[in-house]
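What follows is each chain in one-letter form.
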There are 2 protein chains.
Amino acid sequence: VSRQGILIAIGGNEDKEGERTILKQVVERLAGGRMVLATVASHQPEGYFDAYRRAFASLGIDVSDELYIGERVEALNGEKPGMLADAAGVFFSGGDQLRITSQVGNTAVERRVREILSRGGVVAGTSAGAAVMGGTMLVKGPSHESHRIGAIHLAPGLGLIRNVIIDQHFAERGRIGRLLGAIAQNPRVLGIGIDEDTAIVVEGRMFHVIGSGAVYAVDGSGVTYSNTADSAPELALSLHDVRLHVLSAGDRFDLDQKRPLRPRD
Amino acid sequence: VSRQGILIAIGGNEDKEGERTILKQVVERLAGGRMVLATVASHQPEGYFDAYRRAFASLGIDVSDELYIGERVEALNGEKPGMLADAAGVFFSGGDQLRITSQVGNTAVERRVREILSRGGVVAGTSAGAAVMGGTMLVKGPSHESHRIGAIHLAPGLGLIRNVIIDQHFAERGRIGRLLGAIAQNPRVLGIGIDEDTAIVVEGRMFHVIGSGAVYAVDGSGVTYSNTADSAPELALSLHDVRLHVLSAGDRFDLDQKRPLRPRD
């Protein structure tokens, strides 16, 4: 029987030297297994690998495998996807989410990532590495301003978590506007905004929050009015009756019901 | 019979040289009457007065009266409150909201401001001048981060609009976190976040939105869980089932029902 894997989506800039709550959670879930560090989101991967290697070494695990894809052809077969063959986990570092999806979308690397989940392993990602987990992802869109219709750029994600769109560096970069703009386009998707040094740990269709910040679940299911489709691109968004949940460490959330559970429910 | 006055709360940084939608609205509502410019929020008022004098002159009205209160005693009686005696409107420029409330709260100036409303006049304010309109106001609180319990500083406002708390420079400074933290303390108050170059025009218990950005109505009436009262001050906020309305130009809102109206309802 296939065990249920775990996804850990991190909002970026997780603590690497202090409490390290989130990285500890990754290590704990690996249960001694081997982890591959995927730096494919980055254009200059070397620095990320060393920083994470040191951070994970301080938590007692040796990360010696860096998965970097220079050209998409490397992701199709051979040595690179082979790195993931018996791994207990993979960690996607930050950078450009389009680098991840354009290089590994629909390749052997992506299949190997899904296999890690189906054998009960861990798929973690920070910043861009978190953004790609949804079926759709935000690629670009202004921070620190309200959404203008047509100002954001969406792309298909890896789809590891169904019916969600994940945004990161959330409070720090003032991104509520662009996430609202994204869910307005189709309220089927739940918007999940993750602060820095904060993560959601997804098991099946439940997640719980770890880390020092907040997670915003933005639910457009009950929206009664939106000007998304009928206005000029420079107009500000109008979107009535959004349901918003602010979640912090200990909170749990049911992705199918789109409902938070109180910490001790 | 007393006519119903109009409040115009502006999120700061309103356009003074281009379309000037918001300042035009102020001028239109004055209907040719005299307006006083209150620079009491500022510690160095001179610059504000000249900038607004020029902006309003370009719209055809001459603003010659600057209301600046150096010491609270000047607000108690005499020449300063007298400036407002037969004014059709007053415009509060930005600065420090505590300067406004500490200098004019419960003085003859405040009474004169209320009289302007009761005779059908206009009370407008931008940035700090908007923040003071609620019964409670946000004085300090971090931007660009999620709310930590205990991180914000509230104070009583002038109370010109009941049961609301107004925050400004809203998307630009990433202030959703602090406004959520404020309404979590007592969901009786509706949070209203106003973007720059954006305003609400309040008539009775209805408002409508003008300007280029968005207004966020944050309604905690239905909140099912909050950790506000029982957690340590450094913890991130948890707040389930907030109702959020994103409003833009043309949208109307009923402050008593806490409901948006579709643009053409």
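Predicted model, so just to flag it, every value in this text is computed and none were measured.

Engineer: Please clarify how the overall build of chain A should be interpreted in this entry.
Structural biologist: What chain A contains, in helices and strands, is 8 helices and 16 strands. Rg of the C-alpha trace for chain A: 18 Å, near the compact-globule value of 18 Å for 265 residues, within the 12% margin. Here the analysis covers contacts within chain A between residues at least 6 apart in sequence; of these, 71% occur between residues at least 24 apart. Only carbon and sulfur atoms are counted for the fraction: they give 46% of the accessible area of chain A, which is about 10000 Å². Both charge centroids of chain A, one from 29 positive and one from 32 negative side chains, sit 4 Å from each other.

Engineer: Help me understand the packing of aromatic side chains, please; the structure alone is not making it clear to me.
Structural biologist: For any two aromatic rings, the description comes down to two numbers: the centre-to-centre distance and the angle of the planes. All names here are of chain A. What the rule picks out here adds up to 10 aromatic pairs over all chains. Taking the centre distance of 5.7 Å and the plane angle of 75° together, the rings of Phe56 and Phe91 count as edge-to-face. Of this pair, Phe56 sits in helix α2 (residues 46-57) while Phe91 sits in strand β4 (residues 89-92), placing them 35 residues apart in sequence. Counting every residue linked through ring pairs, the aromatic cluster contains Tyr52, Phe56 and Phe91.

Engineer: Whenever I open this one, helix α5 (residues 97-104) of chain B confuses me. Can you help?
Structural biologist: One full turn of an α-helix is made of 3.6 residues, so residues set three or four places apart face in the same direction. Most of α5(B) sits out of view: 6 of its 8 residues are buried. Capping the start of α5(B), Asp96(B) holds a side-chain oxygen 2.9 Å from the backbone nitrogen of Leu98(B), two or three residues further along.

Engineer: Explanation requested: the pattern of salt bridges in the structure shown.
Structural biologist: If the charged atoms of two oppositely charged side chains come close together, the side chains can form a pair. One pass over the structure, following the stated rule, counts 26 salt bridges over all chains. Arg175(A) is the salt-bridge partner of Asp167(A), the closest N and O atoms lying 3.6 Å from each other. Exposure remark for Asp167(A): the relative accessible area of 0% places this residue in the buried category. Exposure remark for Arg175(A): the relative accessible area of 8% places this residue in the buried category. Its salt-bridge partner being Arg112(B), residue Glu115(B) comes within 3.4 Å of it at the nearest N-O pair.

Engineer: Just to check I follow, could you spell out the relation of the copies chain B and chain A for this structure?
Structural biologist: What connects the two chain copies is a rotation about an axis and a shift along it. When chain B is brought onto chain A, the operation consists of a screw motion whose angular component is 180° and whose axial shift is 0.0 Å, with 0.0 Å RMSD remaining. Here the two chains are linked by the operation of a two-fold rotation axis. When the interface residues of chain B are mapped onto chain A, 97% of them again fall at the interface, so both copies present the same face.

Engineer: Help me out: how do you make sense of the pairing of strand β2 (residues 35-38) of chain A in this one?
Structural biologist: Residue and element names in this part refer to chain A. Neither face of β2 is left uncovered, since the one carrying Met35 and Leu37 and the one carrying Val36 and Ala38 both have all their residues buried. As defined by bridge partners, β2 adjoins β4 across 4 bridges and the pair is classed as parallel. Bridged to Val36 within β4 is Val90. Across 3 bridges, the pairing between β2 and strand β3 (residues 65-67) is parallel. Bridge assignment links Val36 to a residue of β3, and that residue is Asp65.

Engineer: Just to check I follow, could you spell out the sheet that holds strand β5 (residues 122-126) of chain A for this structure?
Structural biologist: Pairing between the strands of a sheet comes from backbone hydrogen bonds, and it takes one of two forms, parallel or antiparallel. All names here are of chain A. Reading across from one edge, β3-β2-β4-β5-β1-β10-β11-β15-β16 is the order of the 9 strands in this open sheet, with mixed pairing throughout. Across the chains shown, the open sheet's two edge strands, defined by having one partner strand only, are β3 and β16 (259-261). Averaged over all pairs of adjacent strands, the angle between strand axes in this sheet comes to 20°, irrespective of strand direction. Summarising the sheet, strand β11 (residues 206-211) and strand β15 (residues 252-254) pair through 3 bridges and their orientation is antiparallel. Bridged to His208 within β15 is Arg252. Across the sheet, helix α1 (residues 21-30) touches β1 (6-10), β2, β4, β5, β10 (198-203) and β11, and the angle it forms with β11 is around 130°.

What counts, and at which threshold
Within every chain, residues take consecutive numbers counted from 1 along the sequence as written. Each chain gets a letter, beginning with A, and each ligand a number, beginning with 1, in the order they are written. Totals for whole chains, interfaces and linings use every residue, but because this is a predicted model, local features are given only for residues with pLDDT of at least 70 and side-chain atom pairs only at 80 or more, for both listing and counting. Excluded from the side-chain calculation are hydrogens and water; included are all heavy atoms of the structure. Each helix corresponds to a stretch of at least 4 residues labelled H or I by DSSP, and each strand to a stretch of at least 2 residues labelled E; elements are numbered beginning at the N terminus. We compute the radius of gyration from the C-alpha atoms alone; for a globule the expected value is 2.2 Å times N to the 0.38, where N is the number of residues. Any pair of residues with heavy atoms lying within 4.5 Å of one another is described as a contacting pair. To be clear on the numbers: accessible area is Shrake-Rupley with a 1.4 Å probe, and residue cover counts the displayed protein chains and nothing else. Counted as positive: Lys and Arg. Counted as negative: Asp and Glu. His and the chain ends are not counted at all. Charged side chains are reduced to one point each, which is NZ for Lys, CZ for Arg, CG for Asp and CD for Glu. Between the rings of Phe, Tyr and Trp (Trp by its six-membered ring), a pair exists once the centres lie within 6.5 Å; its type follows the angle of the planes, with under 30 degrees stacked, over 60 edge-to-face, and the other angles tilted. Categorising residues by exposure relies on relative accessible area from a 1.4 Å probe, with only protein chains included: less than 20% of the type maximum marks a residue as buried, more than 50% marks it as exposed, and the intermediate range marks it as partly exposed. Polar contacts here mean pairs of N or O atoms no more than 3.5 Å apart (in protein, one a potential hydrogen donor and the other a potential acceptor; neighbouring residues in sequence count only if both atoms are side-chain atoms). We define a salt bridge as a side-chain nitrogen of Lys or Arg found within 4 Å of a carboxyl oxygen belonging to Asp or Glu. Least-squares fitting of one copy onto the other uses the C-alpha atoms of those residues that reach a pLDDT of at least 70 in both copies. Think of it this way: DSSP has to see at least two bridges between two strands before they count as a pair. All axes are obtained by fitting lines to C-alpha atoms, using only the stretch in contact for helices, and the reported angles, taken between N-to-C directions, cover 0 to 180 degrees.

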